[in-house]
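Spelled out, the chains give:
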Amino acid sequence: MLSSWIGNDCCRWEKVTCNGVTGNVESLILRGTLGFSLHEYLLGKEVSISLGDLGHLKYLDLSMNDFQGSQIPKFIGSLKQLTYLNLSNAKFSGIIPHHIGNLSSLTTLDPSSFYEKKLVADDMIWIFGLTSLEHLHLNVVNLSGARNLDIVLYMIPSLKEVSLSACGISNADLGPLQNSSTSLSKIKHLDLSYNYFKGELPHFFQNMTSLQFLDLSSTFDFSQTWNFVNTLSMIPSLLELRLKNCNINETYLSHTLHNFSTLPNIHHLDLSSNELRGPIPTFHGKLTKLYLSGNFLNGSIPESLGKLRLLQVLDLSGNKLTGHIPSFPEKLIELDLSGNYLNGSIPESLGNLRLLQVLSLSGNKLTGPIPKLTRKLTELRISHNYLNGSIPEFLGKLRLLRVIDLSSNELTGPIPTLLGELRSLDVSYNSLEGVVSESHFANLSMLKDLNAASNSKLTFNVSPEKLQRLDLSNATISGPLPTWFRKIPIIPFINLSHNNLSGPLINLPSGGTNIDDLWGVSSPSLFLQNNNFNESIPKSLCKRIDLVYIDLSTNRLTGKIPKCFKNLHKLFVLKLSSNVLRGIIPSSIGHISSLGSLSLNDNNFSGELPAVFWNLRLRVLDLGDNAFSGKIPEWIGEKMTSLLVFRLHNNNFTGGIPQSLCTNLELQILDVARNNLAGTIPHCLGELQGMVINHTLATFGEGTEERLIQVMKGVSLEYTNTWSFITNTDLSSNKLVGDIPVELTTLQGLVGLNLSNNHLSGCIPDHIGNMTALISLDLSGNELGGPIPPSISALTFLSHLNLSNNNLSGRIPTGNQLQTLIDPSIYGGNKHLCRASLPKNCSSHEDPTAEPKKKHEATHEPNKVWFYIDIMCGSATGFWGVIVVLILKKQWRHKLFMFAEETMDKIHVAIMVRVNKMKRRREAIQS
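Chains are numbered independently. Their residues run from 1 in the order of the written sequence. Residue-level local features of this predicted model are given only where pLDDT is at least 70; pairs of side-chain atoms are given and counted only at 80 or more, and the full residue set underlies all totals for whole chains, interfaces and linings. With hydrogens and water set aside, each side-chain value is computed from the structure's full complement of heavy atoms.

Participant: Looking at this structure, how should I read the overall build of the protein?
Facilitator: Working definition: helices are DSSP H or I runs of at least four residues, strands are E runs of at least two. Numbering for both runs from the N terminus. A tally of helices and strands in the protein yields 8 helices and 59 strands. For the protein, the proportion of its 927 residues judged to be buried stands at 50%. Note on contacts: a residue pair is in contact if any heavy atoms of the two residues lie within 4.5 Å. Across the protein, contacts joining residues at least 24 apart in sequence account for 52% of those joining residues at least 6 apart. Areas reported as accessible are Shrake-Rupley estimates using a 1.4 Å probe. Residue values count occlusion only from the protein chains shown. For the protein, the computed accessible surface area is about 43000 Å², with 54% contributed by carbon and sulfur atoms. To sort residues, take the accessible area from a 1.4 Å probe on protein chains only and compare it with the maximum for the residue type: under 20% means buried, over 50% means exposed, and anything in between is partly exposed.

Participant: Honestly, the pattern of salt bridges in this entry has me stumped. Any pointers?
Facilitator: A pairing counts as a salt bridge when a side-chain nitrogen of Lys or Arg comes within 4 Å of a carboxyl oxygen of Asp or Glu. Enumeration over the complete set of coordinates arrives at 11 salt bridges. Across the pair Glu-379 and Arg-381 runs a salt bridge whose closest N-O atoms are separated by 3.4 Å. Note on Arg-381: relative accessible area 30%, which makes it partly exposed. Among the salt bridges present, the one from Arg-647 reaches Asp-622, with a minimum N-O distance of 3.0 Å. Here Arg-647, found in strand S45 (residues 645–647), pairs with Asp-622, found in strand S43 (residues 620–622); they are 25 residues apart in sequence, far enough to count as distant. The exposure class of Arg-647 is buried, given its relative accessible area of 1%. In this structure Asp-622 comes out as buried when scored by relative accessible area, which is 2%.

Participant: Whenever I open this one, the state of the cysteines confuses me. Can you help?
Facilitator: Note on terminology: disulfide describes a covalent bond linking the sulfur atoms of two cysteines. Disulfides are defined as pairs of cysteine sulfur atoms found within 2.5 Å of each other. Tallied over the full model, the rule gives 3 disulfides. Each disulfide pairs two cysteine sulfurs, and for Cys-662 the partner residue is Cys-684, the sulfurs being separated by 1.9 Å. Looking down the S-S bond of the Cys-662 and Cys-684 bridge, the torsion is 65 degrees, so its handedness is right-handed. Placement of Cys-662 in the loop between strand S46 (652–654) and strand S47 (669–671) and of Cys-684 in the loop between strand S48 (678–680) and strand S49 (708–712) is noted, with a sequence separation of 22 residues between them. Residue Cys-662 is classed as buried on the basis of its relative accessible area of 5%. Given the relative accessible area of 13%, Cys-684 is considered buried.

Participant: Please clarify how the sheet that holds strand S59 (residues 832–834) should be interpreted in this entry.
Facilitator: Consider a sheet: its strands pair through backbone hydrogen bonds, and that pairing is either parallel or antiparallel. For two strands to count as paired, DSSP must find a minimum of two bridges between them. Strand order in the open sheet formed by 3 strands is S56-S58-S59, with parallel pairing between adjacent strands. The strands lining the two open edges of the sheet, one partner per strand, are strand S56 (785–786) and S59.

Participant: What is the right way to look at the sheet that holds strand S54 (residues 759–760) in this model?
Facilitator: Read from one edge of the open sheet, 3 strands run S48-S52-S54, paired in parallel fashion. Single-partner strands in this sheet number two, and they are S48 and S54. With 2 bridges connecting them, strand S52 (residues 735–738) and S54 associate as parallel partners. Its bridge partner lying in S54, Val-737 is registered against His-759.

Participant: What is the right way to look at the side chain of His-800 in this model?
Facilitator: With respect to the element layout, His-800 can be found in strand S57 (residues 800–802). The class for His-800 is buried, based on a relative accessible area of 18%. Among all residues touching His-800, those that are not within four sequence positions of it are Lys-713, Gly-714, Ile-775, Ser-776 and Leu-777.

Participant: Would you mind going over the nonpolar core with me for this structure?
Facilitator: The nonpolar side chains of a soluble globular protein tend to be buried, and buried together. Ranked by size, the top nonpolar core spans 219 residues in total, and within it Leu-143 and Phe-646 carry the most contacts. Those elements that place two or more of their residues in this core are strand S1 (16–18), strand S2 (25–29), helix H1 (151–154), strand S28 (431–437), strand S30 (457–461) and helix H5 (635–638). The element contributing the most residues to this core is H1, with 4 residues. In this structure, Leu-143 is in contact with Ala-121, Met-124, Leu-138, Leu-149, Leu-164, Cys-167 and Ile-169, ignoring residues within four places of it in sequence. Among buried residues, the Ala, Val, Leu, Ile, Met, Phe, Trp, Tyr and Cys ones that are joined through side-chain atoms within 4.5 Å form a nonpolar core.

Participant: What should I look at first to understand a nonpolar patch on the surface in this one?
Facilitator: Taken together, the side chains of Ile-125, Phe-128 and Met-155 present a nonpolar region at the surface, about 270 Å² in accessible area. Structurally, Met-155 can be placed in the loop between H1 and strand S9 (161–163). Patch membership requires more than 30% relative accessible area and the absence of a salt bridge. Residues of like charge join within 9 Å; the nonpolar side chains Val, Leu, Ile, Met, Phe, Trp and Tyr join within 5 Å.

Participant: Can you walk me through the confidence of the model for the protein in this structure?
Facilitator: Low pLDDT means the predicted coordinates in that region are not meant to be read closely. The quantity called pLDDT is the predictor's confidence in a given residue, expressed from 0 to 100. Summary statistics for the protein give a mean pLDDT of 83 and a share of 80% for residues scoring 70 or more. Note on residues 844–860: pLDDT under 50 across the span, and 8 contacts to partners over four residues away in sequence or across chains.

Participant: Help me understand a positive patch on the surface in this model?
Facilitator: All tallies of charge rest on Lys and Arg as positive and Asp and Glu as negative; His and the ends of each chain are not included. Charge coordinates come from a single atom per side chain, which is NZ of Lys, CZ of Arg, CG of Asp or CD of Glu. A contiguous patch of positive charge, built from Lys-372, Arg-375, Lys-397 and Arg-399, is present on the exposed surface. When you line up the elements, Arg-399 lands in the loop between strand S24 (386–390) and strand S25 (403–405).

Participant: What should I look at first to understand the packing of aromatic side chains in this one?
Facilitator: The geometry of an aromatic ring pair is captured by the separation of the ring centres together with the interplanar angle, meaning the angle of the planes. Stacked, edge-to-face and tilted are the three classes for Phe, Tyr and Trp ring pairs, Trp counted by its six-membered ring, which pair at centre distances within 6.5 Å; planes under 30 degrees apart are stacked, over 60 edge-to-face, the rest tilted. Inspection of every chain in the model, using the stated rule, returns 9 aromatic pairs. Seen from their ring centres, Phe-67 and Phe-92 are 4.9 Å apart, and the 15 degrees between their planes marks the pair as stacked. Taken together, the residues span a long stretch of sequence, with Phe-67 in the loop between strand S3 (59–61) and strand S4 (84–86) and Phe-92 in the loop between S4 and strand S5 (94–95) at a distance of 25 residues. Of the two residues examined, Phe-67 and Phe-92, each falls in the buried class.

Participant: Teacher, can you tell me more about the pairing of strand S16 (residues 296–299) here?
Facilitator: Sheet topology places strand S14 (residues 277–278) next to S16; 2 bridges connect them, and they run parallel. What sits directly across from Gly-278, in S16, is Leu-297. By the bridge criterion, 2 bridges tie S16 to strand S18 (residues 320–323) in an arrangement that is parallel. Residue pairing across strands places Gly-299 opposite Leu-321, the latter belonging to S18.

Participant: Sorry, what's going on with the environment of Leu-271 here?
Facilitator: Structurally, the position occupied by Leu-271 is in the loop between strand S13 (268–270) and S14. By relative accessible area, Leu-271 is classed as buried at 0%.

Participant: Is there a simple way to think about the environment of Gly-52 in this case?
Facilitator: Inspection of the secondary structure puts Gly-52 in the loop between S2 and S3. Here Gly-52 falls in the partly exposed class, since its relative accessible area comes to 22%.

Participant: Explanation requested: the pairing of strand S34 (residues 500–503) in the structure shown.
Facilitator: Remember that side chains alternate between the two faces of the sheet whenever the strand is regular. Of the two faces of S34, only the one carrying Leu-501 and Gly-503 is buried; Asn-500 and Ser-502 on the other face are not. Bridging between strand S32 (residues 478–480) and S34 involves 3 bridges; their strand directions are parallel. Bridging across to S34, Gly-479 finds its partner in Leu-501. Bridge count for S34 against strand S36 (residues 532–536) is 2 bridges, and the pairing is parallel. Among the inter-strand pairings, Gly-503 is bridged to a residue of S36, identified as Phe-533.

Participant: I'm lost on unusual backbone geometry in this one. Help?
Facilitator: With the exception of glycine, most residues fall at negative phi, and the peptide bonds are largely trans. In this structure, Tyr-429 takes a positive phi of about 55 degrees despite not being glycine. The topology assignment puts Tyr-429 in the loop between strand S27 (424–426) and S28. Tyr-429 sits in the partly exposed class, given a relative accessible area of 47%. Of note in the backbone geometry, Asn-474 takes a positive phi value of approximately 55 degrees without being a glycine.

Participant: Looking at this structure, how should I read the environment of Thr-745?
Facilitator: Its location among the elements puts Thr-745 in the loop between S52 and strand S53 (752–754). What makes Thr-745 buried here is its relative accessible area of 5%. Between the C-alpha atoms of Thr-745 and Val-692, which are 53 residues apart in sequence, the distance is 9.6 Å. Contacts of Thr-745, omitting those with residues within four sequence positions, involve Pro-765, His-767, Ile-768, Asn-770 and Met-771. Separated by 2.6 Å, the side chain of Thr-745 and the backbone oxygen of Val-742 make a polar contact. Counting of polar contacts relies on pairs of N or O atoms within 3.5 Å, with two restrictions inside protein: one atom must be capable of donating a hydrogen and the other of accepting it, and residues adjacent in sequence are counted only when both atoms are side-chain atoms.

Below is the structure:
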């Protein structure tokens, strides 16, 4: 930035302006480009005190630099002639010095920031001295504890523009001097967005008679504020109103009330990300910009929008709109209808919008070909539809077109050779064919971003020398990297994954660098996974010190990890899994302090974990399926306190599970299965909050493929896009002993629990039913005894259960999800378990679950004794009663004997008749 500062005459230096008469330095514009594509900025821990010698300085701009958290120098308050002071986004921190209040000539003050709230104001009394101040920007400055904050609005009569976005203030901070309106009437621009206002809006708005711009986005909850629109109607000067994410519902668009759609002078209205439902209402007035994105609006787009003749920007994205695309006002410059359910074809009437520059129709259900569009178009985004036909040649005639996104459609045919002066072209996930040759890039000299992934019939024969971003993943490219590929400048973002590329990696781009202008590339990356590359990892890769992501997984790479990887000081993700790499992990990896994800699984690595790893702040550590040995070090938990995934599956680790792992409260996946671990399961694993609340893992950036192998439901499964939803603990196939800790049952977010093939004893915890998220539970191959707890039937999501080969006994619980788990092998090898589907049926077996019933019956045993005594007494009374009557009544006795004699005679006769018949039939047969 200061390379032109040569010689003693500073007035000839760039960014320095002197007075033509006196020669005094009056302007110093040292604005950097920190955070933008051109990385040119000042870097230092303080501002040189010599700057205070420029007593005639009127204009000072130090914004967009990196002063590494240093404080704003107090000597700036001595530059009494300053009228403009810009310190924004320069990474200053600490308390804003009160000495700035000495700058009575200052008209503009801006110490604001984009994101980091590191500057603090403890007392705003100093601002009272800025008597000429017109423009004040304190965005993202911490004002939550500042005293005298009300002075900002009420005591500076010259103030015209105030920006207090995301300062942590509330309506109480602006209350004490509300009756003072001496300055309020002159303020034209007020930004209070992203603060904490509650209740009704402060009444001072009624005094802001000159207000033209008002931003209250994410500040108020308008579902509890009813007089706001009435208040706004009293400010006829208001032109721009931004109320994004304020919980506004359709009531504020009702025709029966004062509503936003009828405010007469509003030109710019932003109601995006609210709770608006139903059809789009009719808007009136002088609207030039209308933002309704991110609501719940439905129905078709009304024709009435076409009557807003002054409308230039219309954003209806992210709603539930249906139907066809109607006609729009001819002055429209930007149109965004993406993320809806619009159908039909793209109307040709859009081609009549001669001023249209930005068109976004992505994420709908549009069909048909791409129609002819206006010549002023700069951005065309129509991805994720059902468009067909070929890419039209007329797009090459749109000389202002810079961005084309046609991805995820049903387009066919070749890519036209004439495509204007594009900077970004995305035609991925179509059915394009033909050859992409040098002739394409001869006309695309400005192209920085090319994505042609998943077009299996496209062939590439190009050397794109100015690309910043190249994505040819899943494009059926085969063979080795061409030699010309090595000669082109470094492409910051390369994705050649999921192809059939082979050979060594020696031809990666190395001909200079393009990283000075990272257009559209936030994270330099190299994605070469899922190919057939072989030989060793080239040391030339260590020269790519800009890389943030490296994925070389699922290839055939051999050899060792280069020690020079320690030079990759920006590296965040390193994936070398599923290769044939060997040796020990170089300790130099432990010096990459930025590393957040390390995947070395499925190789031939050996040795112990390097102690220097404790320097890392990893979120993911996957070393599974190797030959690592030794003990799991305690520093894994003591130093790596932010782990989400810890996987040592199928190695040779010994010793116990370290207690320190319990300090990783965010841990969601713990897999140390198939090792030689001994000892007991730490009870403190029940403190892993990441397994209590089922939440998703963090993602690690654009283009990264987070893949994880986990044993779930009895088989090894590879999770890709869904792995962030998995919370799993796998301690299987070790030599663990002791009970299953009861504390594990508190892990209510756990999806999988595998403790199989150990030497665990004791009982299954009674409260295992509390683990309500379990899908897979495997406790097989242990020495567990006792009954299966009835609470296990409460696991309503359980789809895989294995309790085989233990010493369990008693009746198997039933109910809920257990009714579907009928495979007898689930309970095999437990000879004392019983159920109808098992060899031992509970009908001939004492039922332990019936024990409470027996106890209940035992309490009624005395009642049963008296029941039987009553029956015996009744029987005896009846029998002897009849005998006594027959003894005393001679007539009854005679009749009873006569009845008995007659009955016996009848029986005798009947028997004799039947016998005679049988004899005669036998004689007839013999004769």
